[in-house]
Every structure is written in C-alpha cells, then in structure tokens.
Amino acid sequence: MKSIGFNEKITLILSFLILNNYFLLSVNTPILLVKLNFFFYLSSIVIFYFKNITENLYLKLFFLFILIISLGIPTLDWDPRSNYLFHGKRIFYDLSIFTVADNYASFSHNEYPTLVPAFASSLAFFVGYWNEVLPKISFTLMFLPPLILIYAFLKNTSYLIFLSIVFFTIGKFLFNGWVDGLVAIYFGTSALIMYIIFFTKNNNKEKLNYSIAFIFFISLTLIKNEGTALLLVLFSTTFLIKIYTKELSINISKLILLSFSFLPIISWKFFCYLKGIGYNDYINENILFYLLPRLNDIENFKLISYFIFLNEKFIMTLIFFLISFWYSRNKELFGFISISAITYIIILFIIYLSTPYELYWQLNSTAARVVKSLSFLLGFFGLYNLYHKQIKY
C-alpha cells in the first residue's frame, strides 16, 4: 500500500476539524473544546506552512494574499452579512447551531445549513469576542483543505495554472464573505474524489479516498443548499454511467456506503421541518403554478441561456475544457464531467423557471454566482485531463 503524503494528511486533518467544529456545536459541548478544535486547526496550518517552507510555495503565498485581503475589506452584501455572519453571531451568543429553533429573523433563512457560520463562530470563540470583520476570515480559511488536496494531483507549473483557474473562476468570492466560491471548490474536489473512487483502478489509497470522500461530501451539503443538489448530481451521474457500462452490481455497495454522507443535511432539514423553521420558495409555493406558464414562452429559455451560457468565465472554461479533451481524449472522464455539468444545467433551468420572483431579477442577482460551480468544474478538469498521465495517486 502506498504511503499517505504530508499534504493528504493535512487535508484530512483540516477538513475533519471543520466538520468536528460543526458537530461540537450541535451538542451540549463545553466551549473550551470548540476553542481547542480551532486552535488545532490553526496549528495545522502553521505546520503546513513551516514543515517544508519551500514545498507548495505557490499555494502558501496565494492563500496568505487572499487572507490579508479578507481582513482588509468589510462585509457589505446582504447574504454574507444578514445570513451567514448573522447566523454565526447567533451561534456565538447562544452556543449552539440550534439557536435558530425560535425562527427569529426569518428573513435570514434560518433553514440554511450552518457549517460556515459555525466555523465563523468558532473563530470568535477563540479570540473571545465577535465583530463584523474578523469572523469572515474563517470563510477564507475553509478554502485551504481542498486547495492543499489538489496539490497531490497537480505539481509545479500545473498547480500554478490551477491557482490561476481558481482566481479566475472564483475571484472575489475567495474573500468577500459569500459561500458560493466554497460550494464551487468543494464541488470540484468532490467530483475528483468520486471519479477516483469509481473510475480509476488505483486502489493504493482506498481508505484515504473514502475518508476524504465522506468529509468533503458532508461538507459540500452543509455549506449551502445548492451543495446537496450538486452532490446528488455526482451520485446520479455515477449511477447512470455504471448502469450503461453494466458495472453497477460491483459498485452499488460503494454508492450505498457513500450515500450516508447525506445524513447530516437530512437531519438538519428534518429538524427545521419539525420546528417549522424558515421558508423556502421552492417548497412552500406551488412550483407548477410558476413553471407551467413559463414553459410555453421561448423567451424565458433564451433569458436563462443568456445568463448561463454567455457568462464570460463559463465560455472561457468551456473552450479550455473542450480543447483539453480534444488534445487528450479521456472518454471516461469527459463523459463523467459532461453529464454532471449538463445535469446541473438542467436543474438550474427548472429552478429558474419555477421561481416565484420576476425571472430577470432572479437571474441577474444569482446566475453569476451559481455558474461559478460549472466554470470551476470545467476549468479544473480541463487542466486535470492534460496532466492526468503524470499523476500518481
């Protein structure tokens, strides 16, 4: 069995500590344990930086750069300030993720998953107070585990190109307090893990792959509601491909095992349902009432297509993706990523056609953010495909 590398160990530790923080705040745990958990997280980052200071230097400089920017800008937008940081502030003062049980300030979407707000509150616990700037850097700190993990697959110049793709597709969402960038990065990384487990024959690190898969899959679903849909896309794509290749029987047990990663988000949504917490426009409203009339108007499809397909970052990463697979034709990887992307696009069309809000307003305020997951997926796997013959994992 191939030994586990240092970067993989750090990834596993950091990603576990993020989840552990969430679970500590879901039970009646002494705050001292939450502080210790965050201390271990920061200590692991210090070890990552200084154990071999010249290794992965591109990431160390890149991450320090975005961390400084995150500290230097205020949180002004509605979602980061009034949803995620507001929930983090409530968790800090009430000492639990279940503080939303009273459904106070329902405008802040109390039903949203709270992995990111819980991690923000842990930083406030660690320093001993809450303010409107410092807890936001915890959002940026959550980017580190997947960025470190990718270094196991891309080295040197290729990794520098990868960081360029990250900065191009995610941009200011690396440090402005929105969680859509986190969704995109964790989705792309989860897709990679899913591909390695089900579509590669290298099982030297099977236990590590499953451990990372569980942690990243759970994290993806607990970052934002879209994360659950994206993980379902990965499971559905894998399921359909295995049916087509007649390999489902030898893979079904893996799919069932990994599907337990949905349990935390199911538990959270069930808790919200029992408490009557929050509102969700796509559940409480009559979806067909909005969907059916819009299906008959081709202009609605044109409008959605404009916002999704004519996004400049989506266009450029799509071109790069197609050129990459024209140059190096990995049909299995191309099929997996293409089906995943198309499935998510179909879901986006259904969601936008079902919105109770005015369609143009909804697209104008959200489309550029949700397309980031598609842009990063295409850009990252375009680069991965060009480099995959050199990867040893």
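Now for a look at the structure at hand.

The rules behind the values
- Residues numbered from 1 in each chain as written.
- Predicted model: local features only at pLDDT ≥ 70, side-chain atom pairs only at ≥ 80, totals over all residues.
- Heavy atoms only, no water.
- Helix = DSSP H or I, 4+ residues; strand = E, 2+ residues; numbered from the N terminus.
- Rg over C-alpha atoms; globule rule 2.2 N^0.38 Å.
- Buried < 20%, exposed > 50% of the residue type's maximum accessible area, 1.4 Å probe, protein only.
- Contact = heavy atoms within 4.5 Å.
- Lys, Arg positive; Asp, Glu negative; His and termini not counted.
- Charge placed at Lys NZ, Arg CZ, Asp CG, Glu CD.
- Salt bridge = Lys/Arg side-chain N within 4 Å of Asp/Glu carboxyl O.
- Polar contact = N/O pair within 3.5 Å; in protein donor to acceptor, adjacent residues only side chain to side chain.
- Expected span 1.5 Å × (residues − 1).
- Arc of directions from axis to C-beta.
- Axes fitted to C-alpha atoms, helices over the stretch in contact; angles between N-to-C directions.
- Parallel < 35°, antiparallel > 145°, perpendicular 65-115°, else oblique.
- Left-handed = near helix turned anticlockwise from the far one by under 90°.
- Patch = residues over 30% accessible without salt bridge, like charges linked within 9 Å, V, L, I, M, F, W, Y side chains within 5 Å.
- Areas by Shrake-Rupley, 256 points an atom, 1.4 Å probe, with all protein chains shown as cover.

With that out of the way, let us pick up the overall build of the protein chain. Regarding its fold elements, the protein chain presents 19 helices and zero strands. For the protein chain, the C-alpha radius of gyration of 21 Å lies close to 21 Å, the compact-globule estimate for 393 residues. Principal-axis analysis of the C-alpha atoms gives the protein chain an extent of 60 × 55 × 40 Å. Counting over 393 residues, the protein chain shows a buried share of 56%. Long-range contacts, defined here as pairs at least 24 residues apart, represent 80% of the contacts in the protein chain between residues at least 6 apart. Treating the 29 positive side-chain charges of the protein chain as one cloud and the 19 negative ones as another, the clouds have centres 12 Å apart.

This brings us to the pattern of salt bridges. Counted under the stated rule, the structure contains eight salt bridges. Here Asp180 and Arg369 are joined by a salt bridge, their closest N and O atoms 3.3 Å apart. Here the residue Asp180 occupies a position in helix α9 (residues 180-199), and Arg369 occupies one in helix α19 (residues 359-387), the gap between them amounting to 189 residues. Between Glu247 and Lys242 there is a salt bridge, with the nearest N and O atoms lying 3.0 Å from each other. Exposure remark for Glu247: the relative accessible area of 29% places this residue in the partly exposed category. It is possible to trace a salt-bridge network through shared partners that takes in Asp180, Lys224, Glu226 and Arg369.

In this structure, Ser122 sits in helix α5 (residues 115-127). Ser122 sits in the buried class, given a relative accessible area of 0%. One polar contact links Ser122 to Asn21, side chain to side chain, over a distance of 3.5 Å. Each residue touching Ser122, except ones within four places of it in the same chain, is listed here: Asn21, Val34 and Phe38.

For the rest of this paragraph, the subject is the environment of Lys254. Assignment of secondary structure puts Lys254 in helix α12 (residues 252-258). Residues Lys254 and Phe198, 56 residues apart in the sequence, show an inter-C-alpha distance of 8.4 Å. Leaving out residues up to four positions away in the same chain, Lys254 has contacts with Ile197, Phe198 and Tyr210.

Turning our eyes to something else, we now look at helix α17 (residues 312-327). Relative to the 22 Å expected for 16 residues at 1.5 Å per residue, α17 spans 23 Å between its end C-alpha atoms, a close match to the ideal helical length. For α17, the set of buried residues is Phe314, Thr317, Phe321, Ser324 and Phe325. The arc that holds the buried residues of α17, viewed along the axis, is 95 degrees, so those residues lie on one side. Turned more than 90 degrees off the buried face of α17, the exposed positions are Glu312, Ile323, Trp326 and Tyr327. Residues of α17 that are buried in the fold lie against α8 (156-170), α16 (298-309), α18 (331-354) and α19. Between a side-chain oxygen at the N-terminus of α17 and the backbone nitrogen of Lys313 the separation is 3.0 Å; the capping residue is Asn311.

Between α9 and α19, the least distance of the axes is 8 Å, while the angle of their chain directions is 40 degrees. In terms of axis orientation, α9 runs oblique to α19. Crossing of α9 over α19 shows right-handed handedness. Residue-level contacts link Asp180, Val183, Ala184, Ile185, Phe187, Gly188, Ala191, Leu192 and Tyr195 of α9 to Arg369, Lys372, Ser373, Phe376, Leu377, Phe380, Phe381 and Tyr384 of α19.

A few words now on unusual backbone geometry. A positive phi angle, near 65 degrees, is found at Leu95, a position not held by glycine. As for its position among the elements, Leu95 is in the loop between α4 (78-94) and α5. One non-glycine residue, Ala105, lies in the positive phi region at around 55 degrees.

In this section: a nonpolar patch on the surface. A surface patch of nonpolar side chains, amounting to about 800 Å² of accessible area, comprises Phe239, Leu240, Ile243, Ile252, Ile256, Leu257, Phe260, Leu263 and Ile266. Secondary-structure elements contributing two or more residues to the nonpolar patch are α11 (225-244), α12 and α13 (263-275). Here Phe239 lies in helix α11.

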